[in-house]
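A structural walkthrough
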Amino acid sequence: MVKVEISIGSSCHVKGAGQVLDIFRDRIKEKNLGDKVELAGKFCIGKCTEGVCVTVDGELFSVDPQSAKKFFEKEVERRITV
(Lines give C-alpha, C1' and ligand atoms only; values in the text may rest on other atoms or scores of the structure.)
Protein backbone atom coordinates (compact mmCIF):
# COMPACT_ATOMS: atom_id res chain seq x y z
CA MET A 1 0.00 0.00 0.00
CA VAL A 2 1.22 3.48 -0.88
CA LYS A 3 0.96 5.96 2.01
CA VAL A 4 0.21 9.57 1.02
CA GLU A 5 0.05 12.36 3.60
CA ILE A 6 -0.99 15.92 2.83
CA SER A 7 -0.17 18.78 5.17
CA ILE A 8 -3.32 20.57 6.21
CA GLY A 9 -1.56 23.12 8.41
CA SER A 10 -2.47 26.78 7.95
CA SER A 11 0.31 27.62 5.45
CA CYS A 12 -0.48 24.64 3.22
CA HIS A 13 -4.21 25.22 3.63
CA VAL A 14 -3.84 28.74 2.23
CA LYS A 15 -1.82 27.34 -0.71
CA GLY A 16 -4.55 24.87 -1.69
CA ALA A 17 -4.17 21.73 0.45
CA GLY A 18 -7.93 21.16 0.39
CA GLN A 19 -7.97 21.21 -3.40
CA VAL A 20 -5.00 18.84 -3.59
CA LEU A 21 -6.74 16.49 -1.17
CA ASP A 22 -9.94 16.57 -3.27
CA ILE A 23 -8.00 15.86 -6.47
CA PHE A 24 -6.21 12.91 -4.86
CA ARG A 25 -9.51 11.54 -3.51
CA ASP A 26 -11.08 11.85 -6.96
CA ARG A 27 -8.15 9.99 -8.59
CA ILE A 28 -8.34 7.21 -6.01
CA LYS A 29 -12.07 6.83 -6.64
CA GLU A 30 -11.81 7.09 -10.45
CA LYS A 31 -9.05 4.48 -10.61
CA ASN A 32 -10.54 2.25 -7.88
CA LEU A 33 -7.36 2.49 -5.77
CA GLY A 34 -8.95 2.60 -2.32
CA ASP A 35 -7.28 -0.64 -1.30
CA LYS A 36 -3.90 0.41 -2.68
CA VAL A 37 -3.51 4.02 -1.47
CA GLU A 38 -3.74 5.21 2.13
CA LEU A 39 -4.56 8.92 2.05
CA ALA A 40 -4.25 10.98 5.22
CA GLY A 41 -4.04 14.57 6.36
CA LYS A 42 -1.23 15.67 8.65
CA PHE A 43 -1.35 18.87 10.68
CA CYS A 44 2.11 20.08 9.69
CA ILE A 45 5.08 18.53 7.93
CA GLY A 46 7.37 21.41 8.93
CA LYS A 47 8.29 22.80 5.52
CA CYS A 48 5.85 25.72 5.47
CA THR A 49 7.65 27.72 2.79
CA GLU A 50 7.48 24.77 0.38
CA GLY A 51 3.74 23.92 0.74
CA VAL A 52 1.49 22.27 -0.20
CA CYS A 53 3.65 19.57 1.38
CA VAL A 54 2.89 15.98 0.43
CA THR A 55 4.74 12.85 1.45
CA VAL A 56 4.55 9.64 -0.54
CA ASP A 57 5.93 6.70 1.41
CA GLY A 58 7.89 9.21 3.49
CA GLU A 59 9.40 11.12 0.54
CA LEU A 60 8.61 14.87 0.66
CA PHE A 61 7.24 16.80 -2.32
CA SER A 62 5.76 20.24 -2.93
CA VAL A 63 2.49 20.12 -4.87
CA ASP A 64 0.02 22.77 -5.96
CA PRO A 65 -3.57 22.28 -7.12
CA GLN A 66 -2.59 22.83 -10.76
CA SER A 67 -0.04 20.01 -10.75
CA ALA A 68 -1.83 17.62 -8.35
CA LYS A 69 -3.39 15.31 -10.95
CA LYS A 70 -0.14 14.88 -12.88
CA PHE A 71 1.79 14.47 -9.61
CA PHE A 72 -0.58 11.72 -8.46
CA GLU A 73 -0.10 9.83 -11.72
CA LYS A 74 3.68 10.19 -11.64
CA GLU A 75 4.51 9.70 -7.96
CA VAL A 76 1.65 7.66 -6.53
CA GLU A 77 0.27 5.46 -9.32
CA ARG A 78 3.75 4.34 -10.42
CA ARG A 79 4.39 2.94 -6.93
CA ILE A 80 1.33 0.74 -6.96
CA THR A 81 2.08 -2.92 -7.47
CA VAL A 82 -0.55 -4.82 -9.39
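Reference entry: report on the structure contained in this document. (Residues numbered from 1 in each chain as written. Predicted model: local features only at pLDDT ≥ 70, side-chain atom pairs only at ≥ 80, totals over all residues. Heavy atoms only, no water.)

1. Here we look at the packing of aromatic side chains
- Summed over all chains, the structure comprises 3 aromatic pairs.
- For the pair Phe24 and Phe71, a centre-to-centre distance of 6.0 Å together with 15° between the ring planes defines the contact as stacked. Residue Phe24 is found in helix α2 (residues 17-30), and its partner Phe71 is found in helix α3 (residues 68-76); the two are separated by 47 residues along the sequence. Take Phe24 and Phe71: they sit in the same class, and that class is buried.
- Considering the side-chain rings of Phe24 and Phe72, the 5.3 Å spacing of their centres and the 50° angle between planes classify their relative orientation as tilted. Placement of Phe24 in helix α2 and of Phe72 in helix α3 is noted, with a sequence separation of 48 residues between them.
- Assessed through its relative accessible area of 0%, Phe72 is described here as buried. (Phe/Tyr/Trp six-rings, centres within 6.5 Å; stacked < 30°, edge-to-face > 60°. Helix = DSSP H or I, 4+ residues; strand = E, 2+ residues; numbered from the N terminus. Buried < 20%, exposed > 50% of the residue type's maximum accessible area, 1.4 Å probe, protein only.)

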